[in-house]
Amino acid sequence: MLASVHLYSKKEGELNRFLSLFYNTNFEIQKDLSWEKKYKNPVELAEIVGAFIDNCEDFNLTMWVCLDKNVYVHITKENADDIIKYLYERFPY
């Protein structure tokens, strides 16, 4: 199973703003209110989780990650550091 990150917004253009900033390119997803990316290596999620938390006040977004089939974890300021640590502990290579 591939790990995945899911972003949701209630405001058009928010996903485009965040992802364009994160990937340093223009995503052109102005009207989409959800976005998903799958990762072969779950540790790669740590980078986007960190960027999301560092910028969460600037964007109207919510983030969920999935590491196991049908199990989604809501990423918040309170749990982000623990989730990132867990990624490195569970998937050490």
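Because the structure is predicted, anything quoted here is derived from the model rather than measured.

1. Some thoughts on helix α1 (residues 14–23)
Within the span of α1, buried status applies to Glu14, Leu15, Asn16, Phe18, Leu19 and Ser20. At the exit of α1 stands Asn24, carrying a positive phi of roughly 55 degrees.

2. A few points about the pattern of salt bridges
This model, assessed by the stated rule, comprises five salt bridges. Between Glu36 and Lys38 there is a salt bridge, with the nearest N and O atoms lying 3.0 Å from each other. Given the relative accessible area of 48%, Lys38 is considered partly exposed.

3. As for the sheet that holds strand β2 (residues 34–39)
Sheet architecture is open: four strands sit in the order β2-β1-β3-β4, paired in antiparallel fashion. Here the strands that pair on one side only, and so sit at the sheet edges, are β2 and β4 (71–75). With direction set aside, neighbouring strand axes in the sheet form an average angle of 20 degrees. With six bridges joining them, strand β1 (residues 3–9) and strand β3 (residues 61–68) adopt antiparallel strand pairing. By the bridge assignment, Ser4 is partnered in β3 with Cys66. This element, helix α2 (residues 45–54), spans β1, β2, β3 and β4 of the sheet and lies at about 160 degrees to β3.

The rules we used
Residues numbered from 1 in each chain as written. Predicted model: local features only at pLDDT ≥ 70, side-chain atom pairs only at ≥ 80, totals over all residues. Heavy atoms only, no water. Buried < 20%, exposed > 50% of the residue type's maximum accessible area, 1.4 Å probe, protein only. Helix = DSSP H or I, 4+ residues; strand = E, 2+ residues; numbered from the N terminus. Salt bridge = Lys/Arg side-chain N within 4 Å of Asp/Glu carboxyl O. Pairing = 2+ DSSP bridges. Axes fitted to C-alpha atoms, helices over the stretch in contact; angles between N-to-C directions. Contact = heavy atoms within 4.5 Å.

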